[in-house]
Amino acid sequence: MVVVRALDLTEDRRLGVAPPEGGSVLLLEKVHSEAARLFHDAGFDVESVPESLPEDELVVRIPGVSVLGIRSKTQVTRRVVEAADALQAVGAFCIGTNQIDLEACREKGVPVFNAPFSNTRSVVELALGEIIVLFRNVVEKSWLLHDGIWNKSAHRSREVRGKRLGIVGYGNIGAQLSVLAEALGMEVHFYDVADKLALGNAHRAPSLKALLEISDVVTIHVDGSPSNAGLMGKREFRWMKDGAVFINLSRGFVVDLPALKDALNSGKVRAAAVDVFPQEPGGNEEPFSSELQGYRNVILTPHIGGSTEEAQEDIGRFVPGKVLDYLRQGNTRLSVNFPGLQLPERRGAHRVVHIHENVPGILARINQVLAEAEANITGQYLKTGEGIGYVITDVDGQCPPEVLQALWEIPRTIRVKLLY
Ligand code: NAI
């Protein structure tokens, strides 16, 4: 698809004022109202639909839509992407993007943006709360009182101050938890497969085994890569200190639940909190069952680690920010399916983006077209990856529609846009 805009160098946009957008945004699944406001203020027509749309209906609704916003239920399949004749970007107002055919979007030159850290703080707060509640034995005490038993004993009730917190996965969540846990007086140790900067006084453990052996509480915050399936199994629970606390707020398949159950039965794990499960119900109406039900020393929560009003609001702000930054500046940093480029706005220049299949020689062809048009290149950035190439070119002087047409005619071109 080629998007050709006539250029008038007397317009404000030449001076770097954000261009008027135009186009339509379709927001599904009760995306936070902040998103609709931001797109509306940017000049889009916004349609909000409270529920997710099934594939057949989305195929009918998607033509003419410039930006599609979804949460975790809507399936953006190849069929949907093929029916999308005006789609410029997809916003996933959540963390996961498995519901989107990222390859189909990429092949069509459509970047997808999500909100990888909007709910980081929410997960960290839940982890901290659970650590305190489990150390104090609050859950069991509460169950007893519900049963009419007054047990005021301090037995097995501990402070978290001075205890060793073992964080597995020192990414966005793990690292923030590290900082807050230290503020509570905990001694933080972590293990990560990647080289991570230890924040504050946190100690890096040389191996998972070394971390599990010393931690009073182990909390899992690894990502959902398939290699993490069964990361915590029988052997790993055996490595843990006797009577340690265990928490999983990452992904269900990371922990072997029968092994955790054995560890609870033997007292190896004294208490646990689990928010994510290998099989989770598809919705609130479906039943839930797990081998951990009935344990009074286990907190079970329905994958709500990141579900807070603050996180939803932040997602509603963050994703439109990324989408609008792409539409205005061509920036793709943090896109989940596009090579990441981030450039400052260049005043007094025109910016052209060219998306193409990742084959040799395209950059030379682009520059040949621009040279023949006597357009002076003032900046150019190319990034390739996963089958596509993405070039942002800033030019002085003229950039008339014929030049854009010539860029579009370069073989293997997916999309050409003049941003300003
Ligand atoms: P992240 O990608 O920033 O961090 C993950 C870290 O784990 C990385 O530093 C990575 O190097 C490390 N890692 C991966 N495999 C490892 C292994 N085998 N051993 C040690 N370290 C390993 O991810 P973020 O944002 O911190 O999220 C962490 C997890 O929390 C993810 O699985 C995410 O899906 C989950 N999550 C759960 C939520 C909930 O509602 N319960 C909400 C938000 C995130």
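Reading the values: rules and limits
- Residues numbered from 1 in each chain as written.
- Predicted model: local features only at pLDDT ≥ 70, side-chain atom pairs only at ≥ 80, totals over all residues.
- Heavy atoms only, no water.
- Core = buried A, V, L, I, M, F, W, Y, C linked by side-chain atoms within 4.5 Å.
- Buried < 20%, exposed > 50% of the residue type's maximum accessible area, 1.4 Å probe, protein only.
- Helix = DSSP H or I, 4+ residues; strand = E, 2+ residues; numbered from the N terminus.
- Pairing = 2+ DSSP bridges.
- Contact = heavy atoms within 4.5 Å.
- Axes fitted to C-alpha atoms, helices over the stretch in contact; angles between N-to-C directions.
- Polar contact = N/O pair within 3.5 Å; in protein donor to acceptor, adjacent residues only side chain to side chain.
- 1 Å grid on protein atoms, 1.4 Å probe; cavity = no way out; pocket = protein on both sides within 12 Å on 5 of 7 lines; lining within 4 Å.
- Points joined across faces, edges and corners; volume = space filled by probe spheres on them.
- Nonpolar A, V, L, I, M, F, W, Y, C, P; charged D, E, K, R; others polar.
- Arc of directions from axis to C-beta.
- Salt bridge = Lys/Arg side-chain N within 4 Å of Asp/Glu carboxyl O.
- Near = heavy atom within 4 Å.
- Areas by Shrake-Rupley, 256 points an atom, 1.4 Å probe, with all protein chains shown as cover.

Draft legend 1. Region of the structure containing the nonpolar core. Counting residues in hydrophobic clusters, the biggest one holds 31 residues, and the most contacted among them are Leu27, Phe39, Phe44, Phe93, Val323 and Tyr390. Elements with a minimum of two residues in this core: strand 2 (24–27), helix 1 (33–41), helix 11 (309–329), strand 14 (350–357) and strand 16 (388–396). Here the element with the most residues in this core is helix 11; it accounts for 7 residues. Grouped together as the second largest cluster of nonpolar side chains are 27 residues, Val218, Ile220, Met240 and Val254 included.

Draft legend 2. Region of interest: the sheet that holds strand 10 (residues 217–220). Here 7 strands make up an open sheet; going across it, the order is 9-8-7-10-11-12-13 and the pairing parallel. Two strands bound the open sheet, and with one partner strand each, they are strand 9 (203–204) and strand 13 (298–300). Here 2 bridges tie strand 8 (residues 187–191) to strand 9, and the two strands are oriented parallel to one another. Directly across from Phe190, in strand 9, lies its bridge partner Arg204. Packing of helix 10 (residues 257–266) onto the sheet brings it into contact with strand 11 (244–248), strand 12 (269–274) and strand 13, and relative to strand 12 it is tilted by some 140 degrees.

Draft legend 3. Spatial organisation of the environment of Thr393. Looking at the element boundaries, Thr393 is found in strand 16. Overall, Thr393 belongs to the buried group, its relative accessible area being 3%. As for Thr393 and Lys417, which are separated by 24 residues in sequence, their C-alpha atoms are 11 Å apart. Engagement of the side chain of Thr393 in a polar contact is seen with the side chain of Gln380, the distance being 3.0 Å.

Draft legend 4. Quick look at empty space enclosed by the protein. For the structure shown, the criterion picks out 1 cavity of 30 Å³ or more. As for the largest cavity, its lining consists of Val31, His32, Arg71, Phe93, Gln312, Ile315 and Gly316. A per-class count over the lining of the largest cavity returns 3 nonpolar, 3 polar and 1 charged.

Draft legend 5. The arrangement of the sheet that holds strand 5 (residues 89–92) in detail. Spatially, 5 strands are ordered 3-2-4-5-6 in an open sheet, and the strand pairing comes out parallel. Each end of this open sheet is capped by a strand with a single partner; those strands are strand 3 (45–48) and strand 6 (112–113). Bridge count between strand 2 and strand 4 (residues 67–70): 3 bridges; the pairing is parallel. Paired with Leu26 across the bridge in strand 4 is Leu68. Against the sheet, helix 11 makes contact with strand 4, strand 5 and strand 6, and its axis sits at roughly 165 degrees relative to strand 5, the strand it touches most.

Draft legend 6. Quick look at the side chain of Ser66. Along the chain, Ser66 turns up in the loop between helix 2 (55–61) and strand 4. If we ignore the near neighbours within four places in the chain, the residues touching Ser66 are Gly23, Ser24, Phe44, Ala86, Leu87, Gln88 and Ala89.

Draft legend 7. Expanded view of helix 13 (residues 401–408). Among the residues of helix 13, Val403, Leu404 and Leu407 are the ones counted as buried. The buried residues of helix 13 occupy an angular sector of 100 degrees when the element is viewed end-on, so they sit on one face.

Draft legend 8. The pattern of salt bridges, seen in detail. The final tally for this structure, using the stated rule, is 24 salt bridges. With a closest N to O distance of 2.8 Å, Glu236 and Arg235 form a salt bridge. Judged by its relative accessible area of 7%, Glu236 falls in the buried class. The exposure class of Arg235 is partly exposed, given its relative accessible area of 47%. Of the charged contacts in the structure, one is a salt bridge between Asp242 and Lys268, with a shortest N-O distance of 2.9 Å. Within this pair, whereas Asp242 is found in the loop between helix 9 (234–239) and strand 11, its partner Lys268 is found in the loop between helix 10 and strand 12, the two being separated by 26 residues in sequence. Residue class for Asp242 comes out exposed when judged on its relative accessible area of 65%.

Draft legend 9. Region of the structure containing the site of the ligand. Taken together, 26 residues lie near the ligand, and Ile173, Asp192, Val222, Asn228 and Asp275 sit nearest. Here Ile173 contributes a backbone N or O atom positioned 2.8 Å from an oxygen atom of the ligand. Against a free-state accessible area of 870 Å², the protein chains account for coverage of 86% of the ligand. Broken down by class, the residue content of the shell around the ligand amounts to 10 nonpolar, 11 polar and 5 charged.

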